[in-house]
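Geometric and topological summary
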Amino acid sequence: MAPVHSFAGEIKIGVVNTEKVLRESRPAIAAQKKIEKEFQARDARIGELSAQIKALQQELEKNMSATHEEDRRLKERELASLSRRYQRTQQQMREDLSLRQNEEYGLILERINQVIKELAEKQSYDLILQLQDSVYRSARIDITDQVIKALNAMESAAGKP
C-alpha cells in the first residue's frame, strides 16, 4: 500500500492565533485606544462617585458618636443611594464597553479573514485554522505573524491619501 500523501500530493496547512492578532495588530491597538478615549469621561465619573463614597464613609466613621441619630441615618441613606448609583453606573459602562469592543473587533475580524484568505491564495494553502490555544503547533505552520504584518500593511495602505 502506498502512503496517502503520494496520491494527493502535499497538503499545506497553516494556523493563526486570532487572539494574538487582536492584541498586537495596528488596527486592534487603534481600536482599543479609540474605545478607551470614548469611555474616558464615564470612567472619570465612576472615579468621582467612588471618591464621594469613600469620603462619606470616612465622615460617618469619624463622626459616628458625635452626630445625632437622625443626621447619621440621613448620611447612611445618602451613602446607600450613592453606592447603588455607583454600581448601576459601573454595570452600564461595562455593558456598553463590551458592546463597543464587540463592534470594533467584529470589523477587525472581517479584515483578518480577508487577509487570511489572500495569504492562503498567494501561498497555496489548502487549510488555515484559527486557533486560540493548542497543546502543540509547529512554528512552521503558524502564520500569525504573517497575518499581523499583512493586516498592518493593509492599514497603512488604507491610511494613505
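Residues numbered from 1 in each chain as written. Predicted model: local features only at pLDDT ≥ 70, side-chain atom pairs only at ≥ 80, totals over all residues. Heavy atoms only, no water.

Points about the overall build of the chain
Rules: Starting at the N terminus, helices and strands are each numbered in turn, a helix being any DSSP run of H or I of at least four residues and a strand any DSSP run of E of at least two. Three exposure classes are used, based on accessible area relative to the maximum for each residue type with a 1.4 Å probe and protein chains only: buried under 20%, partly exposed in between, and exposed over 50%. Whether two residues touch is decided by their heavy atoms; if any such pair falls within 4.5 Å, the residues are in contact.
What the chain contains, in helices and strands, is five helices and two strands. When its helices and strands are written in sequence order, the chain yields α-β-α-α-α-β-α. Within the chain, the fraction of its 161 residues that count as buried is 26%. Put simply, of all contacts in the chain between residues at least 6 apart along the chain, 83% involve residues at least 24 apart.

Section: the packing of helix α3 (residues 26-62) against helix α4 (residues 69-122)
Packed helices, taken two at a time, are described by the angle between their axes plus the distance between the axes. Rule in force here: To get an axis, a line is fitted to the C-alpha atoms, and for a helix only the part in contact is used. The angle between two axes follows their N-to-C directions and goes from 0 to 180 degrees. To sort the angles, those under 35 degrees are grouped as roughly parallel, those over 145 as roughly antiparallel, those from 65 to 115 as roughly perpendicular, and the leftovers as oblique. Classification convention: Asp, Glu, Lys, Arg as charged; Ala, Val, Leu, Ile, Met, Phe, Trp, Tyr, Cys, Pro as nonpolar; all other residues, Gly among them, as polar.
Packing of α3 against α4 brings their axes to within 10 Å, and their N-to-C directions diverge by 170°. As far as their axial angle goes, α4 and α3 are roughly antiparallel. Residues that form the contact of α3 with α4 fall into these classes: 17 nonpolar, nine polar and 15 charged.

A word on unusual backbone geometry
With phi around 55°, Ser124 is a residue other than glycine that occupies positive phi space. Note on placement: Ser124 falls in the loop between α4 and β2 (127-130). Its relative accessible area of 52% is what places Ser124 among the exposed residues.

So, the packing of aromatic side chains
What counts here: Pairing of aromatic rings covers Phe, Tyr and the six-membered ring of Trp, with a centre-to-centre limit of 6.5 Å; geometry is then stacked below 30 degrees between planes, edge-to-face above 60, and tilted otherwise. Ring-over charges, as used throughout, are those where CZ of Arg or NZ of Lys falls within 6 Å of the ring centre and within 35 degrees of the ring normal.
Counting across every chain of the model gives zero aromatic pairs. Note that Lys12 overlies the ring of Tyr125, its terminal NZ or CZ placed 4.6 Å from the centroid.

Some points on the confidence of the model for the chain
We apply this condition: Known as pLDDT, the predictor's confidence for each residue is given on a scale from 0 to 100.
When pLDDT is averaged along the chain, the result is 87; 89% of the residues meet or exceed 70. Within the model, the stretch residues 1-7 combines pLDDT values under 50 with two contacts to residues more than four positions away or in other chains.

A word on the nonpolar core
Where we set the bar: Among buried residues, the Ala, Val, Leu, Ile, Met, Phe, Trp, Tyr and Cys ones that are joined through side-chain atoms within 4.5 Å form a nonpolar core.
With 17 residues, the main nonpolar core has Val16, Val21, Ile108, Ile112, Ile128 and Val147 as its most contacted residues. Elements with a minimum of two residues in this core: α3, α4 and α5 (144-159). For this core, the element with the most residues is α4, which contributes seven residues. Residues within four places of Ile112 in sequence aside, it is in contact with Thr18, Val21, Leu22, Val147 and Leu151. Among the nonpolar cores identified, the runner-up in size contains eleven residues, and Phe39, Leu60, Leu79 and Met93 belong to it.

Examining the pattern of salt bridges
Pairing between side chains of opposite charge can happen when the charged atoms of each approach one another. Keep this limit in mind: Should a side-chain nitrogen of Lys or Arg be within 4 Å of a carboxyl oxygen of Asp or Glu, the pair is scored as a salt bridge.
Enumeration according to the criterion identifies 13 salt bridges in this entry. A salt bridge links Asp145 to Lys20, with the nearest nitrogen and oxygen atoms 3.1 Å apart. Of this pair, Asp145 sits in helix α5 while Lys20 sits in helix α2 (residues 18-24), and the two are 125 residues apart along the sequence. Overall, Lys20 belongs to the partly exposed group, its relative accessible area being 22%.

Observations concerning a nonpolar patch on the surface
This is how it is decided: Patches in this entry comprise residues that are over 30% relatively accessible and not in a salt bridge; like charges within 9 Å are linked, as are nonpolar side chains (Val, Leu, Ile, Met, Phe, Trp, Tyr) within 5 Å. For the area figures, the Shrake-Rupley method with a 1.4 Å probe applies, and any residue is considered shielded solely by the protein chains shown.
Judged by side-chain polarity, Ile11, Ile13, Leu127 and Leu129 come together as a nonpolar surface patch covering roughly 330 Å² of accessible area. Residue placement: Ile11 occurs in the loop between α1 (4-8) and β1 (13-16). Note on Ile11: relative accessible area 57%, which makes it exposed.

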